[in-house]
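Topology and contacts: notes
Residues per chain, in single letters:
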Amino acid sequence: MAGNTFGKLFRVTTAGVSHGPGYLCIIDGCPAGLELSVEDLLPDLARRKPGQSKLTTQRDEADTPEIMSGVFEGKTDGTPIGLLFRNSDQRSGDYGDIKDKYRPGHADYTFDAKYGFRDYRGGGRSSARETVCRVAAGSVAKKLLAREGIRVLGYVTQVGGVKADVPDPTAVTLEQVEATPVRCPVPDRAAAMIDLIDAVRKDRDSIGGVCELVAVGVPPGLGEPVFDKLKADLGKALLSLPAVLGFEYGAGFAVASMRGSEANDVFVPDERPAPELAPPGANDLSPDCNEAVWTPQRGPRIRTETNRHGGMLGGISSGEPIVCRVAIKPTSSIPRSQRTVTRTGDPTEILVKGRHDPCLLPRFVPMGEAMVALVLIDHLLRAKCSRLA
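Residues numbered from 1 in each chain as written. Predicted model: local features only at pLDDT ≥ 70, side-chain atom pairs only at ≥ 80, totals over all residues. Heavy atoms only, no water.

**Some words on the overall build of the chain**
Test applied: Here a strand is any run of E in DSSP of at least two residues, a helix any run of H or I of at least four, and the numbering for each starts at the N terminus. Residue burial is assigned from relative accessible area. The probe radius is 1.4 Å, only protein chains are included, and a residue is buried under 20% of its type maximum, exposed over 50%, and partly exposed in between. For the area figures, the Shrake-Rupley method with a 1.4 Å probe applies, and any residue is considered shielded solely by the protein chains shown.
Scanning the chain from terminus to terminus reveals 8 helices and 18 strands. Across the 389 residues that make up the chain, the buried fraction comes to 47%. Accessible surface computed for the chain: about 18500 Å², of which carbon and sulfur atoms make up 55%.

In structure tokens:
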């Protein structure tokens, strides 16, 4: 099976299935000298873990990783970081009576078509439980990005027909996002979203929505101009997550009804206070590194009056906040009888048992943040090699 590694300089490889012994995560390319412990990974893992509220699946997993390699005396040593997550609350029996039936909305049929067989226990390799590895790796990426003043934050802007207006994405704080279990920073809209999710759950159904992701402090010059555009890698990263059916950045699909004079963002001198530079060596990642990961911007400081381009022009970061959104479909596993077929093509009915989220949005937020962080740290490291001076 190919396609289990993401990134070029900062690479993440995952292995495991949802009802197997556990998951393995290998982070290769993390510079030496970064202080790192299990405690650094736990906050985002807690935001992703099941059972955190009535809005999420009640599977009970501690999701506490074991660091198997890559850290010595509390700091990364430059070798691959190995993480192990042990599964502890599998209920494989919930899937025994559907092993020969295809669940609507799932990867059962397509996986069978590709490999000729599949692990039917909770989706196997296609299970969203694999994202525990991505969130852990994203926590490491976030810690590296924070050294350069870059912050990544996600939040829910829509559940079903309930929408929240967030006029300034850069002003949203983590405290506002975490104030409610649905992770919407607008309190009254969050309450309406919770009521909707609860009603859908009681109706034995599920609901989708939209997550917005924002990265502030990203310097201009990240991304490549052709195939490895920053927007393309962000799209691939987010679309690789389970249940994501749509991706847009900046004004997104709204540009389809605009004229060029409306869509363009005008360049102006950046008269905002310059960010404070850290003292020499403050950003060094090891005693042998005499430069920070990123060199401060060269030349005049420039910005745009508006940000319809979402922080990326020609696939390269402009220095404005990166703003993107993803559409998440309703959870495919619902406790209702649905029509389907067997592996031999015979029509039948299926009732999916097990524990499932009535809405994926609350737990998706840290997953989306992780993938954005992984893309940014990969391109940040790659930018070091783009010019000599």
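Having seen it, we continue.
**Some points on the packing of aromatic side chains**
Quick note on the threshold: We call Phe, Tyr and Trp rings a pair once their centres come within 6.5 Å, taking the six-membered ring for Trp, and we label the pair stacked below 30 degrees between planes, edge-to-face above 60, and tilted otherwise. Charges are assigned to positions over rings by a cutoff of 6 Å between ring centre and Lys NZ or Arg CZ, combined with an angular limit of 35 degrees from the ring normal.
All told, the structure shown has 3 aromatic pairs when counted by the stated rule. Judged by centre distance (5.5 Å) and plane angle (75 degrees), the rings of tyrosine 102 and tyrosine 109 are edge-to-face. For lysine 114, the ring lying beneath its charged end belongs to tyrosine 115, and the centroid distance is 5.4 Å.

**Quick notes on the pairing of strand β7 (residues 81–86)**
Our working definition: Strand pairing is assigned whenever DSSP identifies at least 2 bridges connecting the two strands.
Buried residues dominate β7, accounting for 5 of its 6 residues. Bridging between strand β3 (residues 22–28) and β7 involves 6 bridges; their strand directions are antiparallel. Of the residues in β7, the one forming a bridge with tyrosine 23 is phenylalanine 85. Bridge count for strand β4 (residues 66–69) against β7 is 3 bridges, and the pairing is antiparallel. Paired with glutamate 66 across the bridge in β7 is leucine 84.

**Considerations on the side chain of histidine 379**
What counts, and what does not: By the convention used here, residues are in contact when the closest approach between their heavy atoms is within 4.5 Å.
Following the sequence through the fold, histidine 379 ends up in helix α8 (residues 361–383). In this structure histidine 379 touches Leu222, Gly223, Glu224, Asp228, Leu230 and Asp233, once residues within four positions along its chain are discounted.

**Here we look at the nonpolar core**
The criterion, for reference: Only buried residues count toward a nonpolar core, which is a set of Ala, Val, Leu, Ile, Met, Phe, Trp, Tyr and Cys residues joined through side-chain atoms within 4.5 Å.
Grouped together as the largest cluster of nonpolar side chains are 80 residues, with contacts concentrated most on Phe10, Val182 and Leu376. Once you skip the residues sitting within four places of it in the chain, leucine 376 turns out to touch Leu145, Ile150, Val152, Ala215, Val218, Leu222, Leu230 and Ile322.

**As for the pattern of salt bridges**
Applicable threshold: Think of a salt bridge as a Lys or Arg side-chain nitrogen and an Asp or Glu carboxyl oxygen that are within 4 Å of each other.
As enumerated under the stated definition, the model contains 31 salt bridges in all. Among the ionic pairs, glutamate 369 bridges to lysine 142, the shortest N-O distance being 2.6 Å. With a gap of 227 residues between them, glutamate 369 in helix α8 and lysine 142 in helix α3 (residues 131–146) connect regions that are remote in the sequence. Here the two residues glutamate 369 and lysine 142 agree in accessibility, since each one is buried. Note that aspartate 265 is salt-bridged to arginine 308, the shortest N-O span being 3.8 Å. Pair noted here: aspartate 265 is in the loop between α7 (260–263) and β12 (267–269) and arginine 308 is in the loop between β13 (302–304) and β14 (312–313), with a separation of 43 residues, a long-range link.

**Let's talk about the pairing of β3**
Note that strand β2 (residues 11–16) and β3 share 6 bridges and pair antiparallel. Across the sheet, the residue bridging to arginine 11 is aspartate 28, located in β3.

**A word on the environment of glutamate 130**
We count it as follows: Pairing of N or O atoms within 3.5 Å defines a polar contact, subject to two protein rules: one partner must be a possible hydrogen donor and the other a possible acceptor, and residues neighboring in sequence count only if both atoms are side-chain atoms.
One can find glutamate 130 in the loop between α2 (108–115) and α3. Along the primary structure glutamate 130 and glycine 22 are separated by 108 residues, whereas in three dimensions their C-alpha atoms are 9.5 Å apart. If we skip the residues at most four places from it in the chain, glutamate 130 touches Thr14, Tyr23 and Arg125. A polar contact of 2.9 Å, which involves the side chain of glutamate 130, links it to the side chain of threonine 14. Looking at glutamate 130, its side chain comes within polar contact range of the side chain of arginine 134, at 2.9 Å.

**So, helix α5 (residues 187–202)**
Because each turn of an α-helix spans 3.6 residues, side chains separated by three or four positions in sequence point in the same direction. Counted only if it meets this: A helix's residues, less one, multiplied by 1.5 Å, set its expected span. Read the arc as the range of directions from the helix axis to the C-beta atoms.
For α5, which comprises 16 residues, the first-to-last C-alpha distance of 23 Å matches the rise-based estimate of 22 Å (1.5 Å per residue) to within 8%. Of all the residues in α5, the buried ones are Ala190, Met193, Ile194, Ile197, Asp198 and Val200. Each buried residue of α5 sits inside an arc of 160 degrees when the element is viewed along its axis, so together they form one side. Turned more than 90 degrees from where α5 packs its buried face, Asp188, Asp195 and Lys202 sit exposed. Next to the buried residues of α5 lie β8 (151–159) and β9 (162–163). Where α5 ends, the next residue or the one after it, arginine 204, has phi of about 55 degrees, a positive value.

The analysis is restricted to geometry; functional conclusions fall outside its scope.
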